[in-house]
Amino acid sequence: MPTPEPAGERDAGEPAVSSAREAAAAVVDPEIRVVTIADLGILRDVEEDPATGRVVVTITPTYTGCPAMDVIRADIRHRLAAAGHRDVEVRTVHSPAWSTDWISDAGRAKLAAAGIAPPAPVRRDGVVPLTLAVRCPRCGSPETAQLSRFGSTACKALWRCRACSEPFDHLKAL
Amino acid sequence: MNNPLTFTFALALGDDALIAAQRLAEWATRAPEMEEDIALANIALDQLGAARLLLSYAGELEGAGRDEDALAFLRDDREFRNCLLVELPNGDFAMTMAKLLVLSAYQLPLYTALAGCADERLAAIGGKARKESAYHLDHAALWVKRLGDGTEESHRRMQAGIDQVWPYAHELFVAQPQAPVDPATLRGEFDDTVSAVLAEATLTVPESGWAPGGGRDGVHTEDLSYLLAEMQVLHRAHPGARW
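Residues numbered from 1 in each chain as written. Chains lettered and ligands numbered in written order. Predicted model: local features only at pLDDT ≥ 70, side-chain atom pairs only at ≥ 80, totals over all residues. Heavy atoms only, no water.

## Focus on the overall build of chain B
Stated formally: By the criteria applied, helices consist of DSSP H or I runs no shorter than four residues and strands consist of E runs no shorter than two, each listed in order from the N terminus. Between the two quantities, the radius of gyration covers C-alpha atoms and the globule rule is 2.2 Å times the number of residues to the power 0.38. Under the scheme applied here, a residue whose accessible area is under 20% of the maximum for its type counts as buried, over 50% as exposed, and between as partly exposed, the area being computed with a 1.4 Å probe on protein chains only. Contacts between residues were defined by any pair of non-hydrogen atoms, one from each residue, lying within 4.5 Å.
If you tally the helices and strands in chain B, you get 9 helices and 0 strands. Starting at the N terminus, the α and β elements of chain B follow one another as α-α-α-α-α-α-α-α-α. Its C-alpha atoms give chain B a radius of gyration of 17 Å, within 12% of the compact-globule value 18 Å for 243 residues. For chain B, the spread of C-alpha atoms along the principal axes amounts to about 55 × 40 × 30 Å. Across the 243 residues in chain B, those meeting the buried criterion constitute 53%. Considering only residue pairs separated by 6 or more positions, chain B has 77% of its internal contacts joining residues 24 or more positions apart.

## A word on the sheet that holds strand E5 (residues 144-148) of chain A
Residue and element names in this part refer to chain A. Threshold: Paired strands are those between which DSSP finds at least two bridges.
Pairing within the open sheet is mixed, and its 4 strands lie in the order E4-E7-E6-E5. Two strands close off the open sheet at either side, each with one partner strand: strand E4 (116-117) and E5. Looking at chain direction, E5 and strand E6 (residues 156-161) are connected through 4 bridges and run antiparallel. Note on E6: the bridge partner recorded for threonine 144 is cysteine 161.

## Examining the interface of chain B and chain A
This is how the line gets drawn: In short, buried area is how much 1.4 Å probe accessible area vanishes from two parts on joining, totalled over both. The term salt bridge refers to a side-chain nitrogen of Lys or Arg lying within 4 Å of a carboxyl oxygen of Asp or Glu.
Chain B puts 19 residues into the contact, and the matching count from chain A is 21 residues. For the pair chain B and chain A, the summed buried area comes to about 1,800 Å², and 63% of that belongs to carbon and sulfur atoms. Looking at the side of chain B facing chain A, the largest losses of area belong to Lys128, Lys131 and Tyr135 of chain B, adding up to 37% of the total buried there. Where chain B touches chain A, the interface holds 1 salt bridge. In this structure, aspartate 138 of chain B and arginine 149 of chain A form a salt bridge, with 3.9 Å as the shortest nitrogen-oxygen distance. Listed by contribution, the elements that provide at least two residues to the side of chain B that touches chain A are helix H2 (34-62) and helix H6 (120-148) of chain B.

## Topic: the packing of H2 of chain B against H6 of chain B
Residues and elements named next belong to chain B. Note the threshold: Note on geometry: axes are C-alpha line fits, over the in-contact stretch for helices, and angles between N-to-C directions span 0 to 180 degrees. These descriptions rest on fixed angle ranges, namely under 35 degrees for roughly parallel, over 145 for roughly antiparallel, 65 to 115 for roughly perpendicular, and the rest for oblique. Left-handed describes a crossing whose near helix is turned anticlockwise from the far helix through less than a right angle; right-handed describes the clockwise counterpart.
In the contact formed by H2 and H6, the axes pass within 11 Å of each other and the chain directions differ by 160°. Looking at the two axes, H2 sits roughly antiparallel to H6. Handedness of the crossing formed by H2 with H6: left-handed. Where H2 abuts H6, its residues Glu36, Ala39, Ile43, Asp46, Gln47, Leu53, Leu54, Tyr57 and Glu60 lie against Arg121, Leu122, Ile125, Glu132, His136, His139 and Trp143.

## Focus on the pairing of strand E7 (residues 167-171) of chain A
Residue and element names in this part refer to chain A. Across the 5 residues that make up E7, a large majority, 4, are buried. In this structure, E4 lies alongside E7, joined through 2 bridges in parallel fashion. Bridge pairing in E7 places alanine 117 opposite histidine 170. Of the strand pairs in this sheet, E6 and E7 are connected by 5 bridges, and their pairing is antiparallel. Within the sheet, the bridge partner assigned to leucine 158 lies in E7 and is aspartate 169. Where E6 hands over to E7, the hairpin turn is made up of 5 residues, of which serine 165 adopts a positive phi near 70°.

## A look at the side chain of serine 133 of chain B
Residue placement: serine 133 of chain B occurs in helix H6. In this structure, serine 133 of chain B is in contact with Ser104, Gln107, Leu108 and Tyr111 of chain B, ignoring residues within four places of it in sequence.

## Thoughts on the pattern of salt bridges
Taken as a whole, this structure holds 20 salt bridges over all chains when the rule is applied. Where aspartate 70 of chain A meets arginine 73 of chain A, a salt bridge forms, and the shortest distance between an N and an O atom there is 3.0 Å. Note that aspartate 70 of chain A and arginine 73 of chain A are positioned in helix H3 (residues 69-82) at a spacing of 3 residues, about one turn of the helix. The class for aspartate 70 of chain A is partly exposed, based on a relative accessible area of 49%. With a relative accessible area of 23%, arginine 73 of chain A lands in the partly exposed category. A salt bridge links lysine 145 of chain B to glutamate 200 of chain B, with the nearest nitrogen and oxygen atoms 3.4 Å apart.

## Regarding the packing of H6 of chain B against helix H8 (residues 187-200) of chain B
Residue and element names in this part refer to chain B. Heads up, the condition is: As a working rule, the residues Ala, Val, Leu, Ile, Met, Phe, Trp, Tyr, Cys and Pro are called nonpolar, Asp, Glu, Lys and Arg charged, and the rest polar, with Gly in that last group.
Direction vectors running N to C along H6 and H8 enclose 30°, while the axes themselves pass 8 Å from each other. Put simply, H6 runs roughly parallel to H8. Remark: the crossing between H6 and H8 carries right-handed chirality. Facing Leu137, Ala141, Val144 and Lys145 of H6, the residues of H8 in contact are Thr193, Val197, Leu198 and Glu200. Classifying every residue of the contact of H6 with H8 by side-chain character gives 5 nonpolar, 1 polar and 2 charged.

In structure tokens, the structure reads:
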């Protein structure tokens, strides 16, 4: 006999793990509210134990001291509870270490649309060392300069556009 | 306790990061410019993040039920294992940058070596923290060069800052052949990094002489007691209080 479905809004027969994954993936980053934790690559995995129905959500912090992690954990629980998942464990892993290369293309587009210049690919030890210009997210000009190596959150630096004079946040390549 | 050597090692590294974070946070609202205020607070936050991971792991290894908060807030000075470097008062901005240069030039090769060590938990922490340390080192090196190769006064104060913290670098590299990473193996890279920065900054590498130590054995300067009093007072006055 199959395990009884937990009560909730979930449609009977819908694969539980996909509904859990969808709910977790929709959690918005509390400090950069235009992108989700899936966009940023913070969400690593969502699994359901078929025997117990327990959902295990695995996340990884961007920076070790990121103060948003507690809120992200709480938001995952709320979202999953609303989707009918009562037994949820949120695991935090640190390896492999998060990289800005994990930010999805959709995530990069959302960041740029919100005025945050997305990170360039992390430089690997290639043949030609090259630093890409940070383009202004407002006017697209490559004529930009760093104002401050650190910014309003651990993952950002403050830049300014020389063409349109606007200051903007830049997500640092890590 | 399962592995007393790894416990002591994780505790020492966690204490280095925790005390460094507390000292850097003292600059909040007092830095010479706003960008630097944000920078020092961000570096403090990175150090605190590493401290939390290391102290949580130390607590698990100890197996006595102490979590990160118990280790941070309920130990007295003689139980702390941080190096003396991180507890030194901040001094002026030049001395703080000298401290940060020495600390990050030590933490970067340390965390990098840790990332490849046999202990999985320490390897994960090292793999994560080394990226942040590289940024701290860049930041400290920029300021040391700017101040060292700046005006006569900034040069004088930068050299004075380096001279003041230099003796405390010795303690970081005392050999621990049984530890997950033997700090003595990191000295060469440290010396190369720091000498290159100082040369570019037109500063002089101080003579090695007096080499104070004792932090790893719990013998500290009185500065640590005052730091702990401020850091621990709230937790001790209201045990178990939560936000």
